[in-house]
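Tertiary structure, described
Spelled out from the first residue to the last, the chains are:
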Amino acid sequence: LNLDLNSRHLSFKIKNNTKALWINLDPINKHGIELINSNTGTKLLSCAVPFGGTVEYTFTTPGNYLFFDQDHKKAGKIIVSSSIDMSNVLNNKLSS
């Protein structure tokens, strides 16, 4: 799962053991990523991502996760499940 930090689509449903890769394609601004397990409140990741830089995280536990770019007031959601309907992923649809 590749996540462009400038993307407008910031909600995703993925299968357990999927690696997410955040990419900063913004040549002007540095972006910061915070990843939180919303089930436990545990902060899993917090770092700056310069232009051309990447940050990755492999989701090994099903649940709900939130990610934030505090510098630019963007937020997103990742739902990790043990199995998913691939048609929803391919059509960029998110089941609540």
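Residues numbered from 1 in each chain as written. Predicted model: local features only at pLDDT ≥ 70, side-chain atom pairs only at ≥ 80, totals over all residues. Heavy atoms only, no water.

For the rest of this paragraph, the subject is the pattern of salt bridges. Scanning the entire structure with this criterion turns up 2 salt bridges. With a shortest N-O distance of 3.6 Å, glutamate 56 and lysine 19 are connected by a salt bridge. Linking glutamate 56 in strand β6 (residues 54-59) with lysine 19 in strand β3 (residues 18-23), this pair joins segments that are 37 residues apart in sequence. Residue classification places glutamate 56 among the partly exposed residues on the basis of a relative accessible area of 47%. What makes lysine 19 partly exposed here is its relative accessible area of 42%. A salt bridge links glutamate 34 to lysine 43; its shortest N-O distance comes to 3.6 Å. Given a relative accessible area of 18%, glutamate 34 falls into the buried group. (Salt bridge = Lys/Arg side-chain N within 4 Å of Asp/Glu carboxyl O. Helix = DSSP H or I, 4+ residues; strand = E, 2+ residues; numbered from the N terminus. Buried < 20%, exposed > 50% of the residue type's maximum accessible area, 1.4 Å probe, protein only.)

Further remarks concern the environment of serine 82. With respect to the secondary-structure elements, serine 82 resides in the loop between β8 (74-81) and α1 (86-90). Residues serine 82 and proline 62 lie 20 residues apart in sequence; the distance between their C-alpha atoms is 6.2 Å. When near neighbours in sequence (up to four residues on either side) are disregarded, serine 82 contacts Lys15, Asn16 and Pro62. (Contact = heavy atoms within 4.5 Å.)

The residue histidine 31 is located in strand β4 (residues 31-37) in this model. For histidine 31, a relative accessible area of 0% gives the class buried. Of note is the side chain of histidine 31, whose polar atom sits 3.1 Å from the side chain of aspartate 26. A polar contact is formed between the side chain of histidine 31 and the side chain of aspartate 69, at a distance of 2.3 Å. (Polar contact = N/O pair within 3.5 Å; in protein donor to acceptor, adjacent residues only side chain to side chain.)

The next thing to look at is the confidence of the model for the chain. Atom-level detail of predicted coordinates should not be read off regions where pLDDT is low. Scored by pLDDT, the chain has a mean of 81; 77% of the residues are at 70 or more. In the predicted structure, residues 88-96 sits below a pLDDT of 50 and forms 12 contacts with residues beyond four places in sequence or in another chain. (pLDDT = per-residue confidence, 0-100.)

Our focus in this paragraph is the packing of aromatic side chains. What describes a pair of aromatic rings is the distance from one ring centre to the other and the angle between the planes of the rings. Scanning the entire structure with this criterion turns up 3 aromatic pairs. With a centroid separation of 5.6 Å and 70° between ring planes, the pair formed by tryptophan 22 and phenylalanine 67 is classed as edge-to-face. In this pair, tryptophan 22 is assigned in strand β3 and phenylalanine 67 in strand β7 (residues 63-69), connecting sequence segments 45 residues apart. Looking at phenylalanine 67, the relative accessible area reads 4%, which means it is buried. Aromatic rings pair up to connect Tyr57, Phe59 and Tyr65 into one cluster. (Phe/Tyr/Trp six-rings, centres within 6.5 Å; stacked < 30°, edge-to-face > 60°.)

With that out of the way, let us pick up the pairing of strand β2 (residues 11-15). Burial along β2 is one-sided: Phe12 and Ile14 are buried, while Ser11, Lys13 and Lys15, pointing the other way, are not. The pairing of β2 with β8 spans 5 bridges and is parallel. Along β8, the bridge assignment pairs serine 11 with lysine 77. (Pairing = 2+ DSSP bridges.)

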